Amino acid sequence: MGTKILGTGIYLPENVLTNFDLEKLVDTSDEWITTRTGIKERRIAKEESVVEMARSASLQALRNSGLQPEDIDVVVLATLTPEKKFPSTGCLLQAELGVKKGYAFDLSAACSGFLYALEVSDGLLKSGKAERILVVGVEKLSEIVDWSDRSTCVLFGDGAGAVVLGRSEDESDLLASKMYSEGGLWDILYADKCGYIKMKGRELFKVAVRNMEEACREVLNTAGVSPEEVALVIPHQANVRIINALAEKLGIPRERVYVNIDRYGNTSAASIPIALHEAIEQGRLKRGDLVLMTAMGGGLTWGSALLRY
Ligand code: UT7
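Just so we're clear, the structure is a prediction, and the values are computed from it rather than from any experiment. (Residues numbered from 1 in each chain as written. Predicted model: local features only at pLDDT ≥ 70, side-chain atom pairs only at ≥ 80, totals over all residues. Heavy atoms only, no water.)

Asker: Go over the packing of helix α7 (residues 201-223) against helix α8 (residues 240-250), please, and point to the residues and values.
Answerer: In the contact formed by α7 and α8, the axes pass within 10 Å of each other and the chain directions differ by 40°. Here α7 lies oblique to α8, going by the angle between them. Classified by chirality, the crossing of α8 by α7 is right-handed. Between α7 and α8, the contacting residues are F205, A208, V209, M212, E213, C216 and R217 on the first element and R241, I242, A245, L246, K249 and L250 on the second. Across the contact of α7 with α8, the residue classes tally to nine nonpolar, no polar and four charged. (Axes fitted to C-alpha atoms, helices over the stretch in contact; angles between N-to-C directions. Helix = DSSP H or I, 4+ residues; strand = E, 2+ residues; numbered from the N terminus. Parallel < 35°, antiparallel > 145°, perpendicular 65-115°, else oblique. Left-handed = near helix turned anticlockwise from the far one by under 90°. Contact = heavy atoms within 4.5 Å. Nonpolar A, V, L, I, M, F, W, Y, C, P; charged D, E, K, R; others polar.)

Here's what the structure looks like:
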């Protein structure tokens, strides 16, 4: 029995904030942001709450799976911007969707949240403790960005991505995954007393490339798969220079690496499921293909997962 992605969905706020808009807010330029990060614009939620974004993405994922809310027995929601301190945003989403059985919880692993959620869900499915799991990555980072700090406010965006997981009767499976954390490095990326994002960007950049490369090599080795066999790499979208450096180290050409950071910026736990959904919609990921996902974020947390879609 394998773990299969039955359907995906996304929600992105309509409101677009461009680099040119940011030039009016802080001392920055489109040129700096584009060359240093690859970001051109990002979506910023206006009316939408975290739960509403998660709900829209989840409903699309359910529709694409041909399933109803009552078919779901676990909701795992990855976020660092929960709707409330408690109850969990997962429980609020469970209520919004009308999921009646099982249980829901939030998972806090910053930008690695979706991959952590995938690994946990894979364990629940393979142990027989669940049959269908809704995994959501959702963020409203605009609420925890210090809009007067140019070193961080240009980087982040809002959005949600959702995936319905179930058991596979074919070759589809999460072939290997490996998660890591190093709590001693928490102060490289964290929320300060006011709740605003603080980041030691240059330090994180170096650690990110090294750690994601190692994590990718680990899962490829475990699964006995070579980089040439990977149809698509979906990296967390934090900086296009990190993505390019990683692709080069893995020896995977850019055509086989999914990038949408130019349109959405860094959406933390939502970035991989959003990219995954788009890649499937665009036909860049087909049934039977191998997809390698990897992320790095606050914690520090990081990891990689190799999935046969
Ligand atoms: O999602 C979790 C994972 N996140 C990451 O992995 C992020 C990793 N880090 C990065 O992506 C990059 O380090 C950043 C994009 C955050 C920054 O790029 P950088 O090339 O490392 O720039 P820097 O921080 O070394 O700053 C270079 C210069 C500084 O000026 P001085 O000291 O050289 O005069 C900054 O003050 O750029 C300046 N600067 C800016 N200038 C214009 C910083 N932010 C801006 C800005 N506009 N928005």
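Asker: Can you break down the site of the ligand residue by residue, with the values?
Answerer: Around the ligand sit 23 residues in total, of which T28, R36, R202, N239 and N266 are the nearest. In this structure, an oxygen atom belonging to the ligand sits 3.2 Å away from a side-chain N or O atom of W32. Interatomic distance of 3.0 Å between a backbone N/O atom of G201 and a nitrogen atom of the ligand. Protein chains bury 76% of the 950 Å² of accessible surface belonging to the ligand in isolation. Residue assignment for the shell around the ligand shows that the elements contributing at least two residues are α2 (30-37), α6 (150-153), α7 and α8. At four residues, the largest contribution of residues to the shell around the ligand is made by α7. (Near = heavy atom within 4 Å. Polar contact = N/O pair within 3.5 Å; in protein donor to acceptor, adjacent residues only side chain to side chain. Areas by Shrake-Rupley, 256 points an atom, 1.4 Å probe, with all protein chains shown as cover.)

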